[in-house]
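One letter stands for each residue in the lines below.
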Amino acid sequence: MNKLQGESLNITKQNINRLKELFPEVITEGDKIDFEQLKTVLGQVLEDQHERYQFTWSGKKQAILGAQKPSKGTLRPLIDRSKNFHQTENLYIEGDNLEVLKLLQKSYNGKIKVIYIDPPYNTGKDFVYKDNFANGVQNYLELTGQVDAEGNQLSTNTESNGRFHTDWLNMMYPRLKLARNLLTDDGVIFISIDDSEQEKLKMICNEIFGEQNFLAQVIWERAYSPVNLKKNFSESHDFILVYGKNIHGLESNGLKRTQAANDRYSNPDNDPRGLWKSSDLSVGPAIEKNIYEITTPSGRKVMPPSGYSWRLNKEKFEEYVNDNRIWFGPDGNNVPSIKRFLSEVKDTITPMTIWKYQDVGHSQSASQSLKKLFHDKAYFTYPKPVELVKRVIELYSNPDSIILDFFSGSATTAHATMQLNAEDGGNRKFILVQLPEKLDENSEAFKDGFETICDIGEERIRRAGEKIKEDLDETKLNVLDTGFKVFQLDSSNIREWDVDFDSLEDRLDLFETPFIESRTQLDIVYEIMLKQGLELTDSIDCFLVKGMTVYDIGNGTLFICLEDKINVNIANAIIEKWNHYGRETSSVVLSDAGFAGNDTEKLNCIELLKGAGYPEENILTI
Ligand SMILES: C[S@@+](CC[C@H](N)C(=O)[O-])C[C@H]1O[C@@H](n2cnc3c(N)ncnc32)[C@H](O)[C@@H]1O
């Protein structure tokens, strides 16, 4: 029986496999790369200049390697903190997003349609998480005060820090790299930022997502009046960088036409085709054959302005006149224009790159509406407006897409996803990740019982969900998913996966069971699901075999038994269930300690499962 591997997806190995697919000739024995051969294959395009075009900083290499180092952690379900745990398909994950992104690599690879993130802007006032790639989970537990450590604190990244930009880049780079793997081929990432790091962010995004996949640098008008105390400029906008995973064939859903846009249409000549709007007949630059004289019904002779020509050639113009598609004004004396009928325009508008506060809200309106949810108390500073994030999601998601935000703050992305689903009947799901950053003890939120930002985020989703449902028509009430499953980043449930390999044998001898005592079977089941690449929302059912529990994940995709006295009855029951589902492939994970050293029983189980059609690699122990 094969042992289940304890670490999250090994990205280096995945990269080697990709290279192998492209250039099998460069892989030598033991999956090593023959660089000389690779150089030959790549021929002329190889960059061998010492001084070359690149953007680098101290620690970049470490950050790239750090992103590839598998996580030793796990995600533990917190049912009491969740809402509708057993029904919902939304996720709220408490933890450092680097470790969490690593843990999600296998289960959510290529499955996320839209990522929106609003990372710390590095203004000198916000804290920037300091990674320790050697042991990410331990570092996280220490930084968040969950285990004792000396001298480590979540502290602000100030400009006097000699590594101000470096620290921020080292934090962002590995996270963006991992995030890219999660996007679907037609997935899109939106990243909020301001002038503090905009140009550096764009450079690393060009590198990670590819310059050719840059879609836009949106300007969001976040303030509507100047701060007159400022001596030079009062900044009134943020940026949102937008990249596609692969823009080939990518198309936005467009924006729904607003009433204001439709109100610009009228019908002064009672045209039976309905409302229309006039648009210029002249266009630049001038095209010789489209410069001709037009006589208006009143007899006036008009030419296009200098440097311009008419949009239509003479023949087409005549056709338009005969079809009553040219407007010469109420008296027939105006310069002609083209009638564009509302019934003939697309029902969506292509988004422009300046997003005005009138359309998507501003910082103050976002703070106000969040305050309203919390009885007029300001628990979180600078949330983004729901309308802004809703637009982001609307532009590129499908009705059943998964939306990810791994710097989720007050959980605006969850609010926007639920709101949009309520409006258009969609079933989008969200995954939010947030560090359980401790709140200031003097803050209003802390005094009201909130200890971390996660407490605020989770409560916001509860309140926003209820609020959205208040305004919803009865038929949709049961369909809208306002629940969320909470998970918490922690060290592995399995000793062997959590220790350094040097001391492994000695330490394991000390324990009878491989599982950490305080952990539940459900904790272990979710850890196995992540390792096997199943989604955290896949169904978990269980059935009893002579008092022993067998977990049935994803309707027979995976069976798990973690009991003490595993025997052939378990194998037979699993086979029966598998046959019942009639599914082509299935895997089985059994607790090794459950055989209590009875090798014959173990062998019999394997033989039974193999005989029923389970391939050997799908029968695993833990
Ligand atoms: C600018 S706020 C996001 C605000 C959010 N868009 C909203 O509307 O409320 C950035 C958030 O990222 C969180 N954060 C910073 N580093 C993190 C990390 N390593 N893992 C997870 N969350 C992190 C911070 O605690 C903060 O709440």
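Residues numbered from 1 in each chain as written. Predicted model: local features only at pLDDT ≥ 70, side-chain atom pairs only at ≥ 80, totals over all residues. Heavy atoms only, no water.

Draft legend 1. Focus on the overall build of the protein. Helices and strands together make up the secondary structure of the protein, namely 21 helices and 27 strands. If one aligns the C-alpha atoms of the protein with their principal axes, the spans along those axes are about 105 × 65 × 60 Å. Buried positions account for 48% of the 622 residues belonging to the protein. A separation of at least 24 residues holds for 74% of the contacts in the protein among residues at least 6 apart in sequence. Total accessible area computed for the protein in this model is approximately 31700 Å², and 47% of it derives from carbon and sulfur atoms. Taken as two groups, the 73 positive and 97 negative side-chain charges of the protein have centres that lie 5 Å from each other. (Helix = DSSP H or I, 4+ residues; strand = E, 2+ residues; numbered from the N terminus. Buried < 20%, exposed > 50% of the residue type's maximum accessible area, 1.4 Å probe, protein only. Contact = heavy atoms within 4.5 Å. Areas by Shrake-Rupley, 256 points an atom, 1.4 Å probe, with all protein chains shown as cover. Lys, Arg positive; Asp, Glu negative; His and termini not counted. Charge placed at Lys NZ, Arg CZ, Asp CG, Glu CD.)

Draft legend 2. Seen up close, the layout of surface pockets. Within this model, the second largest pocket holds a volume of roughly 680 Å³. Surrounding the second largest pocket, 22 residues form its lining, Leu-255, Thr-258, Ile-349, Asp-359 and Arg-391 being those nearest its centre. No other element matches helix 12 (residues 386-396), which puts four residues into the lining of the second largest pocket. Residue composition of the lining of the second largest pocket, by class: ten nonpolar, two polar and ten charged. Per-domain counts for the lining of the second largest pocket show at least three residues from each of domain 2 (67-75 + 87-256 + 350-490) and domain 3 (259-345). (1 Å grid on protein atoms, 1.4 Å probe; cavity = no way out; pocket = protein on both sides within 12 Å on 5 of 7 lines; lining within 4 Å. Points joined across faces, edges and corners; volume = space filled by probe spheres on them. Nonpolar A, V, L, I, M, F, W, Y, C, P; charged D, E, K, R; others polar. Domains from an automatic or database assignment.)

Draft legend 3. Representation of the side chain of Ser-282 in the model. When you line up the elements, Ser-282 lands in strand 12 (residues 282-283). Sequence-distant contacts of Ser-282, that is, excluding residues within four places in its chain, are made with Pro-305, Tyr-308, Ser-309, Trp-310 and Arg-311.

Draft legend 4. Here's a closer look at the packing of aromatic side chains. Tallied over the entire structure, the rule returns 18 aromatic pairs. Ring centres of Phe-85 and Phe-487 lie 6.2 Å apart, and the angle between their planes is 45°; this geometry places the pair in the tilted category. Linking Phe-85 in the loop between strand 4 (73-77) and strand 5 (91-94) with Phe-487 in strand 22 (residues 485-491), this pair joins segments that are 402 residues apart in sequence. Phe-487 matches Phe-85 in its accessibility class, with the two residues each being buried. Its end group placed over the ring of Trp-276, Lys-339 keeps NZ or CZ at 5.0 Å from the ring centre. Above the ring of Trp-355, the side-chain terminus of Arg-391 is found at 4.8 Å from the ring centroid. (Phe/Tyr/Trp six-rings, centres within 6.5 Å; stacked < 30°, edge-to-face > 60°. Lys NZ or Arg CZ within 6 Å of the ring centre and 35° of its normal.)

Draft legend 5. Quick peek at the environment of Gly-332. Checked against the element boundaries, Gly-332 lands in the loop between strand 16 (326-327) and strand 17 (337-341). For Gly-332, the residues in contact, after removing those within four places along its chain, are Thr-296, Pro-297 and Ser-298.

Draft legend 6. Quick peek at the site of the ligand. Close to the ligand lie 21 residues; Asp-118, Ser-410, Thr-412, Gln-434 and Glu-437 are nearest. In this structure, Lys-384 approaches the ligand through a main-chain N or O atom, which is 2.8 Å from an oxygen atom. In the environment of the ligand, a nitrogen atom lies 3.2 Å from a nitrogen or oxygen atom belonging to the backbone of Leu-435. The protein chains hide 93% of the 600 Å² of surface that the ligand would expose on its own. (Near = heavy atom within 4 Å. Polar contact = N/O pair within 3.5 Å; in protein donor to acceptor, adjacent residues only side chain to side chain.)

Draft legend 7. Spatial organisation of empty space enclosed by the protein. Across all of its chains, the model carries one cavity of 30 Å³ or more by this definition. Taken as a whole, the largest cavity holds about 40 Å³ of empty space. Taken together, Asp-96, Leu-98, Glu-99, Tyr-129, Asp-131, Asn-132, Phe-133, Gly-136 and Asn-139 form the lining of the largest cavity. Mapped by element, the contributors of at least two residues to the lining of the largest cavity are helix 4 (97-104) and helix 5 (136-143). Looking at side-chain class alone, the lining of the largest cavity contains three nonpolar, three polar and three charged residues.

Draft legend 8. Spatial organisation of the sheet that holds strand 25 (residues 558-561). The sheet built from six strands is open, its strands ordered 1-27-26-25-24-23 with mixed pairing. Edge positions in the open sheet fall to strand 1 (2-3) and strand 23 (540-545), since each of these has one partner strand only. Pairing between strand 25 and strand 26 (residues 587-590): four bridges, direction parallel. Counted as the bridge partner of Phe-559 is Val-588 from strand 26. (Pairing = 2+ DSSP bridges.)

Draft legend 9. Fine view of the domain arrangement of the protein. Each domain of the protein was delimited in the assignment, giving domain 1 (8-53), domain 2 (67-75 + 87-256 + 350-490), domain 3 (259-345) and domain 4 (511-621). One C-alpha centre belongs to domain 2, the other to domain 3, and the line joining them spans 47 Å.

Draft legend 10. Spotlight on unusual backbone geometry. The omega torsion of the bond from Gly-284 to Pro-285 falls at -5°, within 30 degrees of zero and hence cis. Of note, Pro-285 is situated in the loop between strand 12 and strand 13 (294-295). A positive phi angle is found at Asn-324, which is not glycine, with a value near 55°. You can see Asn-324 is positioned in the loop between helix 9 (314-322) and strand 16. Positive phi outside glycine occurs at Tyr-382, with the angle close to 55°. If you trace the backbone, Tyr-382 turns up in the loop between helix 11 (363-373) and helix 12. Of the residues examined, Tyr-382 reaches a relative accessible area of 64% and is grouped as exposed.

Draft legend 11. Looking closely at the pattern of salt bridges. Under the defined criterion, the tally for this structure stands at 39 salt bridges. A salt bridge links Glu-394 to Lys-256, with the shortest nitrogen-to-oxygen separation between them at 3.0 Å. Placement of Glu-394 in helix 12 and of Lys-256 in strand 10 (residues 255-256) is noted, with a sequence separation of 138 residues between them. On the accessibility criterion, Glu-394 (18% relative accessible area) is buried. Here Arg-325 ties to Glu-344 by a salt bridge, and the two come within 2.9 Å at their closest N and O atoms. Here Arg-325 is found in the loop between helix 9 and strand 16, whereas its partner Glu-344 is found in the loop between strand 17 and strand 18 (348-349), with 19 residues between them in sequence. The exposure class of Glu-344 is partly exposed, given its relative accessible area of 48%. Each of Asp-269, Asp-271, Arg-273, Asp-323, Arg-325, Lys-339 and Glu-344 takes part in a single network of salt bridges with overlapping partners. (Salt bridge = Lys/Arg side-chain N within 4 Å of Asp/Glu carboxyl O.)

Draft legend 12. Seen up close, the sheet that holds strand 17. Spatial ordering of the open sheet is given by 11-17-16, a layout of three strands whose pairing is antiparallel. Of all the strands in the sheet, just strand 11 (276-280) and strand 16 have a single pairing partner and so form its edges. Strand direction decides the pairing type here: strand 16 and strand 17, joined by two bridges, are antiparallel. Bridging across to strand 17, Trp-327 finds its partner in Ser-337.

Draft legend 13. Highlighting the pairing of strand 8 (residues 214-221). With seven bridges joining them, strand 8 and strand 9 (residues 237-244) adopt antiparallel strand pairing. In the strand pairing of strand 9, Ile-219 is matched with Phe-239. Note: strand 8 against strand 19 (residues 354-355), two bridges, orientation parallel. By the bridge assignment for strand 19, Ile-219 is matched with Ile-354.

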